[in-house]
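Chains, contacts and geometry: an overview
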There are 2 protein chains.
Amino acid sequence: MNKDILKQIAQKLKEAETVLMYPHVVMDGDTLGSSIALCIALRKLGKKAYILIEDKIPAYLFFLEKDYCTYDQQIIDAPDVSIAIDCSDIERFLERKEKFLTGKVSISIDHHMTTKLFADFNYIDENAAATSEIILDLIRLLDVEIDIEIAESIYTAIVTDTGNFQYTNTTKHTHLITAELFDIGINLEKISVEIYQNIRLEQLKIASVVFDNMAMLYNGKGNIAFVTQEMLKTTGALMEETEGIIGTLRNISGVEISAFLKEKRINEIKVGLRAKTYGDVSAIAQAFGGGGHKKAAGCTLYTSLEDAKKLVSDAIIAHLEEADKKLRRTGN
Amino acid sequence: MNKDILKQIAQKLKEAETVLMYPHVVMDGDTLGSSIALCIALRKLGKKAYILIEDKIPAYLFFLEKDYCTYDQQIIDAPDVSIAIDCSDIERFLERKEKFLTGKVSISIDHHMTTKLFADFNYIDENAAATSEIILDLIRLLDVEIDIEIAESIYTAIVTDTGNFQYTNTTKHTHLITAELFDIGINLEKISVEIYQNIRLEQLKIASVVFDNMAMLYNGKGNIAFVTQEMLKTTGALMEETEGIIGTLRNISGVEISAFLKEKRINEIKVGLRAKTYGDVSAIAQAFGGGGHKKAAGCTLYTSLEDAKKLVSDAIIAHLEEADKKLRRTGN
C-alpha cells in the first residue's frame, strides 16, 4: 500500500476540527481498540472526536472505554471527517451508513484483503496483522506522543486480532511494535485479566452443553456442533458468548474440518466453518451461497436445524472424501 | 546475573566432546524446547550430545523431537558436561540425579527465582521469561548460526512458558527475540497447529465433566472443582490432560480464588490454587503444608476427597472474608 495515502489522511485529520469514527458492528478488540487509540490522539490535538457505535461494547473491552463512544448520531452534525476503522464494507455499519456519508471527507482504514474502496481516502494494508498497526503509524504521522492509554488500546487490538500472536497474520513487525508498547509501559497484567480472565459462568455452561451434543464425522476428521435458542435460554448465555467454540472444535486432535451451527431463529441457521491444514471450507460455504477464506468461512441456511445439520455434515464428509482421494493420487 | 558465568559455560561446552542435557520431569515446552535447541547447536559443533529423559514427551511437543532424547543412561558413560535445563532443584530429575553428578563439569541454566545452586556453574536469570531466552544467548556465545529448527525450538519454549505472551513474565525483550525468530523463518502455522490444535477429544470431555461439578463459593468470588479417578476412567482422559482447568476456573468473571482438586489415589488429594488479583493463595497452601506464589500455589491433603473439598472451601471462604474486611478498612 502506498504510504502517501496515509500521509494524506493524516493531513486531512490535522486540518479537521470535528471527527467521527466508525467501528464495525459486532465490535472486537481491533475495531474498538484502534478507534479508541485514534480518538485519544485526536482529542490530544484539540479536535472534537467521538466514536459512533450502534451495538454493545463487549464486556472484555469495557476497560478501554472512557467516554469516547456514543450512540448519539447528533453529537456532531456534519463532521469534517468520517473514518471507518477495520470495516471491510460500508454494510458493516449499516445503521450509521447515512451518517458516515455526511462527513465532508470520508476515510477508510483497514487490513482486510476483501475490503471495498467505499471512502474518499482508503488505506488498506492486508499485511498488517491488525488495523491498529496502521493506526499506530497514523498517530505518529499526527505527531502525537504515544501515551500508556493509547499503547494499551493498540496492544489490546493486536492481541485480540492475532489470537495472542498465534494466528498466521502475526509478523515480525507485530512483535517489534509490541516490544515498543512494552517500552511505553503497558500494564500487561491488567489487560490480561480484563480480556481473558473475565469469562461469564454462563459462557462456560453453554460451551459444555455444545460439546456434549457435538458429533464427530468421517472417522474423526470432521465434527459438527450447534447452539439453539433453547440452549441459550437454559444456560443464560448470550449467542455472542459462543464465538470461540468453533475454534475449539477445530483444535481437537485429528479434526480437519469443523462446523458450528447457530440457530438465529426458527429456519435461520448461521453456519461457521473452519479447516485446520489442507481443507478448503470456502468451497463448502460457497456451495451454500456463503463465502470466506480456505480456513475460515460461513453461510446462512434458511431451513430447519435438523436439515441444516444434515446438509452441512454431508458436505463436510464429501469434501473430506475428495481430499482423501487427492492425497492418495499424489501418493502422500 | 553476571554474564561472565554464561561465557564460562560457553567455554566449557566448547571444550567438551560429550554433553548430556537434563530437562525437568513433567516436561513442558520450555525445558524440552531449550534442551533441543542446545542439543542441535552442540551437534553442529561436532559434539556427542543427548537429552536424557525419564518421563514421557507430551504429545504437543512430539514435532520437536528428532532423535535428541534418550532414556538410556549408558548412552554416554561419564560425559564431559552435564547440564540441567530449566530445573529449579536437583530433585526435578530424581531418577537421573546420580547420572547428572557423573559429569566432569556440571551446569545449571534456569530462570526460576527459587532455583538452588546445585551445579559447578549456575546461570539463573529470573528476568528471562523462559529459560530458552538464556539458551539463545548461549548458542550465540557458541558461535552457532541459529537455523530454523533451533529457532522453532526456542519459539515453542517461549510461547508455552509465557502462555502466548500473556503471562506477566513476558517482557519487551521476549518480543524482540521473537521478532528475530520470525526473521529466521519459523513456521508459525505448523507450530500453532502442533501446540494448540492437537487437543484430544477426551480432554474436552473431562473438562466438561469437571465444570458440570464445579461449585461457586462466597458470592462467586471463589470456586472449587475436582477430578476423580472414576471421572478419568469414564471419559478416557489422562490426569495430565486436566492441567489447564485451574486456569479456566480462575478466568471466570468475578472469581478471585480458584481451587482444583485432583484425586491421585484414595486419600491423596493434590490441590492446585490460583488467585486473580488481590488474593494470596500461597498463604492457604502453606496452612496445609504446601507452598508456591501469591497467585499460584498448591498442597497435598492425605484425606478423603469430601474432607479435602470441605477443608479447602472453608479456607478459601475465610481468606476472601479476611480480604473483604481489609478492603473495607482501607476504604477501597
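Residues numbered from 1 in each chain as written. Chains lettered and ligands numbered in written order. Predicted model: local features only at pLDDT ≥ 70, side-chain atom pairs only at ≥ 80, totals over all residues.

1. Comments concerning the overall build of chain A
Spelled out, the test is: Under the DSSP-based scheme used, a helix requires at least four consecutive residues in state H or I and a strand at least two consecutive residues in state E, with every element numbered from the N terminus. Using C-alpha atoms as the atom set, the radius of gyration is obtained and then compared with a globule rule of 2.2 Å times the number of residues to the power 0.38. For every residue, the other C-beta atoms within 10 Å of its own C-beta are counted; 20 or more classify it as buried, 12 or fewer as exposed, and values in between as partly exposed. C-beta atoms are placed from the backbone. We call two residues in contact when their backbone-placed C-beta atoms lie within 7 Å.
Counting its regular elements, chain A contains 12 helices and 12 strands. The C-alpha atoms of chain A give 21 Å as radius of gyration, which agrees with the globular expectation for 332 residues (20 Å, within 12%). Each principal axis of the C-alpha distribution contributes one length, and for chain A these read about 60 × 45 × 40 Å. The 332 residues of chain A split such that 44% are buried. Counting contacts in chain A only where the partners sit at least 6 residues apart, residues at least 24 apart contribute 66% of the total.

2. Observations regarding the sheet that holds strand β8 (residues 222-227) of chain B
All names here are of chain B. Short version of the rule: At least two DSSP bridges between two strands are needed for those strands to be called paired.
Taken in spatial order, the six strands of this open sheet run β7-β8-β9-β10-β12-β11, and their pairing is mixed. The open sheet has two edge strands with one neighbour each: β7 (215-217) and β11 (291-292). Alignment of β7 against β8, held across three bridges, turns out to be antiparallel. By the bridge assignment for β8, Leu217 is matched with Gly222.

3. Looking at the interface of chain A and chain B
Which entries qualify depends on this criterion: All residues other than Ala, Val, Leu, Ile, Met, Phe, Trp, Tyr, Cys, Pro, Asp, Glu, Lys and Arg, Gly among them, are scored as polar; the first ten of these are nonpolar and the last four charged.
Of the residues lining the interface, 33 residues belong to chain A; the matching set on chain B comes to 33 residues. Sorting elements by how many residues they give to the side of chain A that touches chain B places helix α6 (residues 172-184) of chain A first, with seven residues. Across the side of chain A that touches chain B, the residue classes break down as 12 nonpolar, 14 polar and seven charged.

4. Some thoughts on the domain arrangement of chain A
The test is simple: Each domain's extent is set by a domain assignment, obtained either automatically or from a database.
The domain architecture assigned to chain A consists of domain 1 (3-196) and domain 2 (201-329). Placing the centre of domain 1 of chain A and that of domain 2 of chain A at their C-alpha centroids yields a distance of 31 Å.

5. Describing the relation of the copies chain A and chain B
Quick reminder of the rule: In this comparison the copies share one frame, found by least squares on the C-alpha atoms of residues holding pLDDT of at least 70 in both.
When chain A is fitted to chain B, the residual RMSD is 0.3 Å, and the transformation amounts to a turn of 180 degrees plus an axial shift of 0.0 Å. What we have between these two chains is a two-fold relation. Same-surface contact between copies: 100% of interface residues of chain A are shared with the interface of chain B.

6. Re helix α8 (residues 201-212) of chain B
Worth spelling out the cut-off: In a helix, the anticipated span is given by 1.5 Å times the number of residues less one. This arc describes the spread of directions from the helix axis toward the C-beta atoms.
Compared with the 16 Å implied by 1.5 Å per residue over 12 residues, the 17 Å span of α8 of chain B between its first and last C-alpha is a close match. For α8 of chain B, every residue scored as buried is listed here: Gln203, Leu204, Ile206, Ala207 and Val210 of chain B. An end-on view of α8 of chain B places all buried positions within 165 degrees of arc, on one side of the element. The secondary structure elements touched by the buried residues of α8 of chain B are α8 (201-212) of chain A together with β8, α9 (229-235) and α10 (245-251) of chain B.

7. As for unusual backbone geometry
A positive phi angle, close to 60 degrees, is found at Asp143 of chain A, a residue other than glycine. Mapped onto the fold, Asp143 of chain A is located in the loop between α4 (131-141) and α5 (148-161). Given 11 C-beta atoms within a 10 Å radius, Asp143 of chain A is considered exposed. Located in the positive-phi region is Asn164 of chain B, a residue other than glycine, with phi close to 60 degrees. By the element assignment, Asn164 of chain B lies in the loop between α5 (148-161) and α6 (172-184).

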